[in-house]
Amino acid sequence: MDEAYEDFVVSRAQALLRYGYVLSGNPHDAADLVQEALIKLRGAWPRVKNQANPEGYVRTTMARQHISMWRRRRRETLTEAVPERSYDDPAPLDDALWQALATLPRKQRAVIVLRYYESLADEEIASHLGISRVTVRSQASRGLEKLRAAWKSADVLERSER
């Protein structure tokens, strides 16, 4: 096996798991996304390793797989509480923000994560998800509107409890 591939997997596995968790909202789906993406990377490694950023290949693969899973299921499993955090994220999301993010439909959540967590431009998001740039903007707008509404209602509840 290629030593460079092994080094890449060992050094970036935890970051990829965090990314998968943010995309899917589920640690089991995150692990599946990482595993499938790394399998695909292994097959493409001879041509990808010469590029400057093999992680970009893996993250694009994960985002596309997530959307593919979403399209197959067409359903979302919501939970009342955020699962225990088993990954040590340098910038963890606030619980209230995560709960609000978990209420968004999968496509809106994916767009919000790619735009604000990954800092991708609309064109890159559209390319990753296989949708138009206009759809990216409309999904981001709708998602942000829902997040703002959830944030305001949580803020109002917090003030009334004081």
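Residues numbered from 1 in each chain as written. Predicted model: local features only at pLDDT ≥ 70, side-chain atom pairs only at ≥ 80, totals over all residues. Heavy atoms only, no water.

Engineer: Which residues make up the overall build of the chain, and what values do they have?
Structural biologist: When helices and strands are counted, the chain shows 7 helices and 0 strands. The helix and strand sequence of the chain, counted from the amino end, reads α-α-α-α-α-α-α. When contacts within the chain are restricted to residue pairs at least 6 apart in sequence, long-range pairs at least 24 apart make up 68% of them. In the structure as shown, the chain presents an accessible area of about 9800 Å², 49% of it carried by carbon and sulfur atoms. (Helix = DSSP H or I, 4+ residues; strand = E, 2+ residues; numbered from the N terminus. Contact = heavy atoms within 4.5 Å. Areas by Shrake-Rupley, 256 points an atom, 1.4 Å probe, with all protein chains shown as cover.)

Engineer: How would you explain helix α6 (residues 122–129) if you had to name every residue and give the values?
Structural biologist: Taken as a whole, α6 has its buried residues at D122, I125, A126, H128 and L129. All buried residues of α6 lie within an arc of 165° about the axis, which places them on one face of the element. G130 lies just past α6 and shows a positive phi near 70°. (Buried < 20%, exposed > 50% of the residue type's maximum accessible area, 1.4 Å probe, protein only. Arc of directions from axis to C-beta.)

Engineer: Describe the nonpolar core, and please don't skip the residues or the numbers.
Structural biologist: The biggest cluster of nonpolar side chains holds 40 residues, and the ones touching the most others in it are L38, L41, V58, M62 and L129. Looking at this core, the elements that each hand over two or more residues are α1 (3–24), α2 (27–48), α3 (54–73), α4 (95–102), α5 (106–117), α6 and α7 (133–161). Looking at which element gives the most residues to this core, the answer is α2, with 9 residues. Residues contacting M62, with those up to four places away along its chain left out, are L16, Y19, G20, L23, L33, V34 and A37. (Core = buried A, V, L, I, M, F, W, Y, C linked by side-chain atoms within 4.5 Å.)

Engineer: Any chance you could break down the pattern of salt bridges for me, citing the residues and the numbers?
Structural biologist: Going through the model one piece at a time under the given rule, you end up with 6 salt bridges. With its nearest N and O atoms 2.8 Å apart, the salt bridge here joins E55 to R59. Highlighted residues: E55 and R59, both in helix α3, separated by 4 residues, approximately one helical turn. The two residues E55 and R59 agree in class, both being buried. Across the pair R115 and D122 runs a salt bridge whose closest N-O atoms are separated by 2.5 Å. In terms of burial, R115 and D122 fall into one category: buried. (Salt bridge = Lys/Arg side-chain N within 4 Å of Asp/Glu carboxyl O.)

Engineer: Pulling in residues and values, what's your account of the confidence of the model for the chain?
Structural biologist: In the predicted model, the chain carries a mean pLDDT of 81, and 80% of its residues have values of at least 70. The element-level mean pLDDT for the chain is lowest in α4, coming to 76, with α6 highest at 91. (pLDDT = per-residue confidence, 0-100.)

Engineer: Describe the packing of aromatic side chains, listing the residues and the values that go with them.
Structural biologist: To describe a pair of aromatic rings, you give the distance between the ring centres and the angle between the ring planes. In this structure the tally under the stated criterion is 2 aromatic pairs. For the ring pair Y5 and W45, a centre distance of 5.5 Å and an interplane angle of 75° mean the geometry is edge-to-face. One end of the pair, Y5, is in helix α1; the other, W45, is in helix α2, and 40 residues separate them in sequence. Accessibility assignment for this pair places Y5 and W45 in one class, buried. Where F8 meets W45, the ring centres are 6.0 Å apart and the plane angle is 35°; that geometry is what we call tilted. With F8 in helix α1 and W45 in helix α2, the pair connects residues that are 37 residues apart, well separated along the chain. Judged on exposure class, the residue F8 and its partner W45 are both buried. Site record: aromatic cluster; members linked through ring pairs are Y5, F8 and W45. Positioned over the ring face of Y5 is R42, at 5.2 Å from the centre of the ring. Directly above the ring of Y19 sits R59, whose terminal nitrogen or CZ lies 4.6 Å from the centroid. (Phe/Tyr/Trp six-rings, centres within 6.5 Å; stacked < 30°, edge-to-face > 60°. Lys NZ or Arg CZ within 6 Å of the ring centre and 35° of its normal.)

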